[in-house]
Amino acid sequence: MTMPETQTEMAEPLIQVRDLKMHFPVTDGILVQRTVAHVKAVDGISFDIMPGETLGLVGESGCGKSTTGRCILQLEKPTDGQILFHGDDLGSMGRADLVAMRRKIQVIFQDPFSSLNPRMKIGDIIGEPLAVHGIESNSADRNKRVAELLTVCGLSPKMADRYPHEMSGGQRQRVGIARALSMKPEFIICDEAVSALDVSIQAQVINLLEDLREEFDLTYLFIAHDLSVVRHLCHRVAVMYLGKIVELAPCDELFDNPTHPYTRALLDAVPVPDPTIEAGREHRLVKGEIPSPINPPSGCVFHPRCPIALDKCAGPVPELRELRPGHFVACPEVS
Amino acid sequence: MTVSDLPGSGSLEELGVQNSWTSTAWSLIRRQPLGAAGLFIVLVMIFMAVFAEVITPFDPEENNFEFMLTPPGADFWLGTDQFGRDQLTRIIFGARTALYVGFTAAFVGAFSGLVLGVASAYFGGWFDLLFQRVMDVFMAFPLIILALAVVSILGPNINNVIIAITIPFIPQCARVVRSSALAIREIPYVDAARALGFSHRRIILRHMAPNVMAPFLIMLTTFVGQAILLEASLSYLGLGVQEPTPAWGLMLQGGAEEYAESAPWVAIFPGLAISLAVFAFNMFGDALRDVLDPKLRSR
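In this text, all values refer to a predicted model and were calculated from it rather than measured experimentally. (Residues numbered from 1 in each chain as written. Chains lettered and ligands numbered in written order. Predicted model: local features only at pLDDT ≥ 70, side-chain atom pairs only at ≥ 80, totals over all residues.)

**A few points about the overall build of chain B**
Item 1. Along chain B, the regular secondary structure elements total 14 helices and zero strands.
Item 2. Helices and strands in chain B line up, N terminus first, as α-α-α-α-α-α-α-α-α-α-α-α-α-α.
Item 3. Principal axes of the C-alpha set define a box for chain B whose edges measure 75 × 55 × 30 Å.
Item 4. Looking at chain B as a whole, 42% of its 299 residues qualify as buried.
Item 5. Sequence-distant contacts in chain B: of pairs separated by 6 or more residues, those separated by 24 or more amount to 69%. (Helix = DSSP H or I, 4+ residues; strand = E, 2+ residues; numbered from the N terminus. Buried ≥ 20, exposed ≤ 12 C-beta atoms within 10 Å, placed from the backbone. Contact = placed C-beta atoms within 7 Å.)

**Quick look at helix H10 (residues 200-208) of chain B**
Item 1. Among the residues making up H10 of chain B, those that are buried are Ile-203, Ile-204, His-207 and Met-208 of chain B. When H10 of chain B is viewed along its axis, its buried side chains cluster within an angular range of 120 degrees and face the same direction. (Arc of directions from axis to C-beta.)

**Let's talk about the pairing of strand E7 (residues 187-191) of chain A**
It is a general feature of regular strands that their side chains alternate between the two faces of the sheet.
All names here are of chain A.
Item 1. Within E7, five of the five residues are buried, leaving the element largely enclosed by the surrounding structure.
Item 2. A two-sided burial pattern is seen for E7, the buried positions comprising Phe-187, Ile-189 and Asp-191 on one face and Ile-188 and Cys-190 on the other.
Item 3. Two elements, strand E6 (residues 105-108) and E7, share four bridges in a ladder whose sense is parallel. Each bridged residue has a counterpart across the sheet, and for Ile-108 the counterpart in E7 is Cys-190.
Item 4. Direction of pairing for E7 relative to strand E8 (residues 219-224): parallel, over a ladder of five bridges. Bridge assignment links Ile-189 to a residue of E8, and that residue is Leu-221.
Item 5. Taken together, E7, helix H6 (residues 199-216) and E8 form a β-α-β motif whose crossover is right-handed. (Pairing = 2+ DSSP bridges. Right-handed = clockwise from strand over helix to strand, strands pointing away.)

**Examining the domain arrangement of chain A**
Residues and elements named next belong to chain A.
Item 1. Examined at the domain level, chain A breaks down into domain 1 (15-104 + 185-329) and domain 2 (117-184).
Item 2. A straight line from the C-alpha centre of domain 1 to that of domain 2 covers 30 Å.
Item 3. The element contributing the most residues to the side of domain 1 that touches domain 2 is H6, with five residues.
Item 4. Of the residues in the side of domain 1 that touches domain 2, the class split is eight nonpolar, one polar and one charged. (Domains from an automatic or database assignment. Nonpolar A, V, L, I, M, F, W, Y, C, P; charged D, E, K, R; others polar.)

**A few points about the nonpolar core**
One broad trend across soluble globular proteins is that nonpolar side chains are buried collectively.
Item 1. Within the largest apolar cluster, 165 residues are counted, with the highest numbers of intra-cluster contacts made by Phe-222 and Val-239 of chain A together with Val-118, Ile-165 and Met-208 of chain B.
Item 2. It is helix H5 (residues 87-123) of chain B that contributes the most residues to this core, 16 residues altogether.
Item 3. Domain assignment of the residues forming this core places at least three in each of domain 1 (15-104 + 185-329) and domain 2 (117-184) of chain A.
Item 4. Phe-222 of chain A has contacts with Thr-54, Leu-55, Gly-56, Leu-57, Cys-190, Val-230, Leu-233 and Cys-234 of chain A, leaving out every residue within four places of it along the chain. (Core = buried A, V, L, I, M, F, W, Y, C linked by C-beta atoms within 7 Å.)

**Notes on the confidence of the model for chain B**
Residue and element names in this part refer to chain B.
Item 1. For chain B, per-residue confidence averages 84 on the pLDDT scale, and 91% of positions sit at 70 or higher.
Item 2. In this model, residues 1-17 is a region of pLDDT below 50 whose contacts with residues beyond four sequence positions or in other chains number ten contacts.
Item 3. Both confidence scores are given for the complex: pTM 0.81, ipTM 0.84. (pLDDT = per-residue confidence, 0-100.)

**Here we look at the sheet that holds strand E5 (residues 88-89) of chain A**
Residues and elements named next belong to chain A.
Item 1. Here four strands make up an open sheet; going across it, the order is E2-E1-E4-E5 and the pairing antiparallel. The open sheet has two edge strands, strand E2 (34-49) and E5, and neither has a second partner.
Item 2. Relative to E2, strand E1 (residues 15-28) runs antiparallel, the two sharing twelve bridges. Note on E2: the bridge partner recorded for Val-26 is Ala-37.

**Digging into unusual backbone geometry**
Item 1. A cis amide bond links Glu-243 of chain B with the next residue in sequence, Pro-244 of chain B, at an omega value of 5 degrees.
Item 2. Residue placement: Pro-244 of chain B occurs in the loop between helix H11 (213-236) and helix H12 (248-256).
Item 3. Phi is positive for Gln-74 of chain A, close to 65 degrees, though the residue is something other than glycine.
Item 4. Gln-74 of chain A gets classed as partly exposed once you count the C-beta atoms within 10 Å, which come to 19.
Item 5. One non-glycine residue, Asp-217 of chain A, adopts positive backbone phi at about 55 degrees.
Item 6. Position of Asp-217 of chain A relative to the elements: it lies in the loop between H6 and E8.

**Observations concerning the pairing of strand E3 (residues 54-58) of chain A**
All names here are of chain A.
Item 1. In terms of residue burial, E3 counts as a mostly covered element, since five of its five residues are buried.
Item 2. Alternating positions in E3 separate into two faces, Thr-54, Gly-56 and Val-58 on one and Leu-55 and Leu-57 on the other, with burial throughout.
Item 3. Relative to E8, E3 runs parallel, the two being bridged by five bridges. Bridge assignment links Val-58 to a residue of E8, and that residue is Ala-224.

**Brief notes about the sheet that holds strand E10 (residues 244-250) of chain A**
Residue and element names in this part refer to chain A.
Item 1. A sheet is described by the order of its strands in space; here eight strands give the open sequence E6-E7-E8-E3-E9-E10-E12-E11, paired in mixed fashion. The open sheet has two free edges, formed respectively by E6 and strand E11 (321-324), since each of these has just one partner strand. Averaged over all pairs of adjacent strands, the angle between their axes in this sheet comes to 20 degrees, without regard to strand direction.
Item 2. In this structure, E10 lies alongside strand E12 (residues 327-329), joined through two bridges in antiparallel fashion. From the neighbouring strand, Leu-248 faces E12, where its bridge partner is Phe-328. (Axes fitted to C-alpha atoms, helices over the stretch in contact; angles between N-to-C directions.)

Dropping the structure here:
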């Protein structure tokens, strides 16, 4: 497995996110709605994803991981910033172009119970996009393709006649994957795709995602909070905190040499599956609560909870700087 | 507490496993006796409406002055009216008018409301706000006043009556459906459908509308009852179906004022027919709600 090298610009990135901002207005008032504040869910993040690469996006609940995914999917209209796919700006595309582009960018959702329409049979759920986009307009061909997709995802073709409620969580998640694959996408956003599954099923689905990546040359944005899964699957990892990327590095580099205080705290919180080591470990717990994204702290958003914070951390917002080749960190104090 | 009181009992029947017609009917009668009675009356009405010519020996519209205002008896079971027409025949043919108006108005009104309500929830924002205020304007009118206004503008005939009854139904249904659709809009399969590049129309009709079926079906059945009552009211006021077409409201009007004391059967039987029909559809709608709502089902 070779590591794509962003800094040498060997190939054109598949996805480029440029200074993405998603601020949700908080409105008040009965008759006239006025905006009283903004929830800064995503506040100016940038990253590239190379073809064939899997980028992990980690962080605690509410840090803007999923919102970033939804913006790339154009399910939300970003407040500011650009999302380029093969160099084309998705935000400025017309409806027809966007529909064509949607075929290339697909999503697998977290909850396998709510991501499938309960009133449709599995065959229709997977076959519908094929019919709508005219990929397989003949119904016999379509059924054949559905059977193929089910087989690829480790399900029996007979499942096409079932309804979602007749399947287990793992099976449903495989249906969700088959639906995403039906459009022959280049890029799949896995939004907590395995978080809702049992550990044993998780492993199966992760292996499936890995196999599919090889087979169909897929590129993933893997949004997760489970760090061990991310370490297993991803080439590079971006750590988000309160709408900002605080550290971005190749996977092993990040796990072996975490530099940002938040990343270190996050990795420290992962339990070690050995009671003797676990008992002797020193936990560096992060003090305080996560601040509200409505009024994020000035300067570095992590400074009120940071163990190494200085007075100047409340000043200018620290930019991502390249500490080592490919290893970016948004903290001027670490080395 | 017996086994049949336990939540989940009879679930095999509900799932349709190894199920015969009679056992379904029996379990319905046992659990929803009023609903089953309502369904029975509805089915009888439909039978009457469809086979009216076959089951009645008289002509519903032909005057027969020989037998004017005959009391109920062996020849005329429910008596005759002031033109000598058999009341039973006219009630049976009246079922046809009532069901035609009731079903057409309810289906058109409820389906328009369904599409508009789901669309309003799906698009949200300004469209939703504007649409809901327009619906408020319509809902500010009492049902009968709005229907009266529409008929007096368009003129009284059976199709205008249907239009007049349909219009007030649309906002009622749209409002109820919208509230359910708002919740459905946030469920990931709608996001998945958007991410797959489906058109708005497809998402509204194929992905959202089928998932608000429970409240929708209840609205639909209640609407049929309401529409029958409205049609009778409009006909009674002379703004609905016109003579000599047999319609319950019209029969009531013909008999209520002049013959209330001398020939009460002229007004009593059509009145009974109206009450029974509305009662039947409401009971059926209530039972449907209980069956479709899992939280009420176990009681």
